[in-house]
Amino acid sequence: MTVEAYTVDGDLMTLNMGPHHPSTHGVLRLVLEVDGEVVVSCRPDLGYLHRSIEKIGEFLEYPQFVPYTDRVDYVCAMNSNHAYCLAVEQLLGSVAGSEVKIPERAEWLRILFAELNRISSHLVAVGAFAMDMGAFTPFLHGIGLRELVNDIFEKTCGARLTYNYITIGGVAADLHAGAEAEILAFCDTCEREMVRFNRLITANSIFKGRLAGVAAVSAADAVSYGLVGPNLRASGVDFDLRRDEPYGFYSRVQFEVPVGGAFAGARGRVGDSYDRFVLRCIEILESVRIVRQCLEQMPKSAAKADDPVGGWQVDANKQLRKPPRGEVYCRVENPRGETGYHVVSDGSRKPYRIKIRTGSFTAMSIFEKLVPGLMISDVVAVIGSFDIVVPEIDR
Amino acid sequence: MAECGSKAGNRDGEQLALTCVDDFLNWGKENSLFYLLFATACCGIELMQTGGPRFDTDRLGMIPRPTPRQADLMILAGTITHKMASRAHLLWKQMAEPRWVVSMGSCANAGGPFSKYSYSVLNGMDKFLPVDVYIPGCPPRPEALIDGCMALRERVRRFRALGIRDRDPVVIASASPAPVCGDQGFKPQRPEGQG
Ligand code: SF4
């Protein structure tokens, strides 16, 4: 709730929120100046999880950095892998005649897994947000459903969280036997469970009333602060890299891009916390649609028996290919919005510089403007609704 | 309660059980290990999933608590950076004794994938906290975490609050140095007069 016509009087108290706070989703520290219950200013303090991943990239060869991209955004590791691998593939292919050829099945597998990971990431996002707002049960629903995605991932690539699955030039492994049926079964379960989930929390009038109109971001602000992904679309800006700048095989699948529209009813405003929540629920179902289409359109068996899903890019002497000098910026649509990898090559085996642009960082930068005037308990709603993941901020 | 040998008797219809005080206390402690909801990085997601419906740590009496003052157990889930170390240590100090520490994942154990090249990651939180159980993995599976917790329960059972701590003194507060950031560099600072 915004307090209208509020004037600061009396002493201000400095309140430390974090770095250990259950609702900051990691180790983010917000230094709040409060007057009673109302926040007067908010200053984020970063770096509690700065693991110098970008610097580590300069010490490692190109393929060795892929596991670290898992750790940049561990809630949707596949998507991070995808962004980095696309960037290096562009770099490798920047000289004519040396384009990286990715097997068709691998391309389908990439977006299949990227979308499955988007589902599992959004499930954590909406579940954890509901938990921050005091509703614990939806969180358990989200986590329970996420386990099913993890099962599929685990059988195919061997890991539950940090996959290292999408490689430069393809993917690491073909689907395990019986995966198609499992994924289709998951799609059914997911759609069924989302109906229950929405009945449980999204349509809950207490939840709606709690979030309606809280921390609304106008479209102009969203653009000028560089918000991306669901946070941007909740403010009514219709932009999705998967549709507007398709990479991979996204141009071959049909899906809707939802935008915010004051879903909370009379008190709701476009771009408020409730819109951001609802948008993620809708995107889960859209991703299920994409997953189904991937399974339909994927070539049933691999085209070439010896190289079904691509793999590391090697030259004639079985040495890893070195990219030419140059730089690329490659961006993909992550669950948390645009993630870009800027890779600079000096022609050696190791990248000269890797810069990662992440959605959480810009989402966090708007707090300073958004939070003043809100109640302390609404700060939790702001953090949760933007779905920030701290290692994406600190890297 | 078998260690000291317990006797059950019946006196005028009342049930009596004889046991050692320590055994009795430990029986209570090991069945209600409330853990601090402390997650710094990727391992935190696995910690979350372990608390979720499939693995369900609640059935072991392990319930997440948001504040250190209500927690018995600190699960270090994730990377501890230099900046975070002193805060993690503070959280540990705020927990009431007896307190336990489980180090989950390679990062908290030894720096994990960041130990070699990173300039900002602490190579193992055991430099500052007395760690009871180490769980390897990047991230460890929920089964591994539960296994670690069962190992910890074993340890809790051997804890002697009243008797002589003859085996493995578990929590030695004074021997664990506090991290100090800043110009001293990032070195364990032991209290005066201690090795
Ligand atoms: S051990 Fe691995 S999964 Fe766990 S926090 Fe470290 S990098 Fe992340």
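Just so you know, these numbers come straight off a predicted model, no measurement behind them. (Residues numbered from 1 in each chain as written. Chains lettered and ligands numbered in written order. Predicted model: local features only at pLDDT ≥ 70, side-chain atom pairs only at ≥ 80, totals over all residues. Heavy atoms only, no water.)

Residue and element names in this part refer to chain A. Within the open sheet, the 3 strands sit side by side as β1-β2-β3. Their pairing is antiparallel. Of all the strands in the sheet, just β1 (13-17) and β3 (38-45) have a single pairing partner and so form its edges. For this sheet the average axis-to-axis angle between neighbouring strands, irrespective of direction, equals 25°. Bridging between strand β2 (residues 29-35) and β3 involves 7 bridges; their strand directions are antiparallel. In the strand pairing of β3, Leu32 is matched with Cys42. (Pairing = 2+ DSSP bridges. Helix = DSSP H or I, 4+ residues; strand = E, 2+ residues; numbered from the N terminus. Axes fitted to C-alpha atoms, helices over the stretch in contact; angles between N-to-C directions.)

So, on to helix α14 (residues 376-386) of chain A. Residues and elements named next belong to chain A. With 10 of 11 residues buried, α14 lies mostly within the body of the structure. Along α14, the residues that are buried comprise Ile376, Asp378, Val379, Val380, Ala381, Val382, Ile383, Gly384, Ser385 and Phe386. Asp387 lies just past α14 and shows a positive phi near 55°. (Buried < 20%, exposed > 50% of the residue type's maximum accessible area, 1.4 Å probe, protein only.)

This next bit is on the interface of chain A and chain B. On the chain B side, the residues contacting the 36 residues of chain A number 35 residues. Of the roughly 3,100 Å² buried between chain A and chain B, counting both surfaces, carbon and sulfur atoms make up 64%. Applying the counting criterion to the chain A and chain B interface returns 5 salt bridges. For Lys83 of chain B, the salt bridge identified is with Asp45 of chain A, shortest N-O distance 3.2 Å. Here chain A and chain B share 17 residue pairs in polar contact (both at pLDDT 80 or more) between them. For the side of chain A that touches chain B, the secondary-structure elements that each account for two or more residues are α1 (53-57), α2 (66-72) and α5 (137-157) of chain A. When residues in the side of chain A that touches chain B are grouped by element, the largest group, 10 residues, is from α5 of chain A. For the side of chain A that touches chain B, the class distribution of residues is 19 nonpolar, 8 polar and 9 charged. (Contact = heavy atoms within 4.5 Å. Buried area = accessible area lost by both parts, 1.4 Å probe. Salt bridge = Lys/Arg side-chain N within 4 Å of Asp/Glu carboxyl O. Polar contact = N/O pair within 3.5 Å; in protein donor to acceptor, adjacent residues only side chain to side chain. Nonpolar A, V, L, I, M, F, W, Y, C, P; charged D, E, K, R; others polar.)

Another point: the packing of helix α4 (residues 104-132) of chain A against helix α6 (residues 179-202) of chain A. All names here are of chain A. Axis separation between α4 and α6 bottoms out at 13 Å; the angle between their running directions is 25°. As summarised for this structure, α4 and α6 are arranged roughly parallel, according to the angle between their axes. In this structure, the crossing between α4 and α6 has a hand that is left-handed. For the pair formed by α4 and α6, the contact residues are Arg105, Leu112, Leu116, Ile119, Leu123, Val126 and Ala130 on the first element and Glu180, Ile183, Phe186, Cys190, Met194, Phe197 and Ile201 on the second. Its residues assigned to classes, the contact of α4 with α6 shows 12 nonpolar, no polar and 2 charged. (Parallel < 35°, antiparallel > 145°, perpendicular 65-115°, else oblique. Left-handed = near helix turned anticlockwise from the far one by under 90°.)

Let us now look at the site of the ligand. Inspection of the region around the ligand gives 15 residues, with Cys42, Cys43, Ser106, Cys107 and Cys138 of chain B positioned closest. Chain contributions to the surroundings of the ligand come from chains A and B. Considered class by class, the residues forming the shell around the ligand number 8 nonpolar, 5 polar and 2 charged. (Near = heavy atom within 4 Å.)

Let us now look at the side chain of Arg395 of chain A. Residues and elements named next belong to chain A. Considering the arrangement of structural elements, one finds Arg395 in the segment after α15 (390-394). Residue classification places Arg395 among the buried positions, given a relative accessible area of 12%. Ignoring sequence-local partners within four residues, the contact set of Arg395 consists of Leu49, His50, Arg51, Ser52, Ile53, Glu54, Lys355, Ile356, Thr358 and Phe361.

This brings us to the pattern of salt bridges. Residue and element names in this part refer to chain A. Tallied over the full model, the rule gives 42 salt bridges over all chains. Measuring nitrogen to oxygen at the nearest pair gives 3.2 Å for the salt bridge that ties Lys369 to Asp221. Of the two residues, Lys369 is situated in helix α13 (residues 367-370) and Asp221 in helix α8 (residues 219-224); the sequence distance between them amounts to 148 residues. Overall, the relative accessible area of 43% leaves Lys369 in the partly exposed class. One network of salt bridges, in which partners are shared, links Glu115, Arg118, Arg233, Asp240, Arg242, Glu283 and Glu333.

Here Asp147 of chain B lies in helix α5 (residues 142-157). Overall, the relative accessible area of 54% leaves Asp147 of chain B in the exposed class.

So, about α5 of chain A. The terminal C-alpha atoms of α5 of chain A lie 30 Å apart, and with 21 residues this matches the ideal 30 Å at 1.5 Å per residue to within 8%. Every buried residue of α5 of chain A is listed here: Pro138, Phe139, Gly142, Ile143, Leu145, Arg146, Glu147, Val149, Asn150, Ile152, Phe153 and Thr156 of chain A. In the core, the buried residues of α5 of chain A are packed alongside α3 (77-92), α4 and α6 of chain A together with α2 (43-50) of chain B. The positive-phi residue at the C-terminal boundary of α5 of chain A is Gly158 of chain A, with phi of around 90°. (Expected span 1.5 Å × (residues − 1).)

We now examine the pairing of strand β7 (residues 337-345) of chain A. Residue and element names in this part refer to chain A. With respect to burial, β7 is a largely interior element, 8 of its 9 residues being buried. As defined by bridge partners, strand β6 (residues 326-334) adjoins β7 across 9 bridges and the pair is classed as antiparallel. Residue pairing for β7: Asn334 is matched across the bridge by Gly337. Counted between consecutive antiparallel strands, the loop separating β6 from β7 contains 2 residues.

Grouped together as the largest cluster of nonpolar side chains are 146 residues, with contacts concentrated most on Tyr84, Leu116, Tyr341, Phe367 and Phe386 of chain A together with Met74 of chain B. When residues of this core are assigned to their parent elements, the largest contribution, 14 residues, is made by α4 of chain A. Look past the residues within four positions of Leu116 of chain A in its chain and what remains in contact with it is Val149, Ile152, Phe153, Ile183, Phe186 and Val291 of chain A. Counting residues in hydrophobic clusters, the runner-up holds 21 residues, among them Leu33, Cys43, Leu47 and Leu145 of chain B. (Core = buried A, V, L, I, M, F, W, Y, C linked by side-chain atoms within 4.5 Å.)

For the rest of this paragraph, the subject is the packing of aromatic side chains. Residues and elements named next belong to chain A. Taken as a whole, this structure holds 19 aromatic pairs over all chains when the rule is applied. Their ring planes at 65° and their centres at 6.4 Å tell us that Tyr250 and Phe255 sit as a pair that is edge-to-face. Judged on exposure class, the residue Tyr250 and its partner Phe255 are both buried. Sitting over the ring of Phe249, Arg252 keeps its end group 3.9 Å from the ring centre. Sitting over the face of the ring of Phe361, Arg395 holds its NZ or CZ atom 5.8 Å from the ring centroid. (Phe/Tyr/Trp six-rings, centres within 6.5 Å; stacked < 30°, edge-to-face > 60°. Lys NZ or Arg CZ within 6 Å of the ring centre and 35° of its normal.)

Here we come to the sheet that holds strand β5 (residues 73-77) of chain B. Residue and element names in this part refer to chain B. If you walk across this open sheet you meet the 5 strands as β4-β3-β5-β6-β7, and the pairing is parallel. Of all strands in the sheet, those with a lone pairing partner are β4 (64-65) and β7 (133-135), marking the two edges. Both strand β3 (residues 35-36) and β4 contribute to a ladder of 2 bridges, which runs parallel. Along β4, the bridge assignment pairs Leu36 with Arg65. In the packing of α2 onto the sheet, contacts are made with β3, β5 and β6 (100-104), and the angle to β5 comes to roughly 130°.

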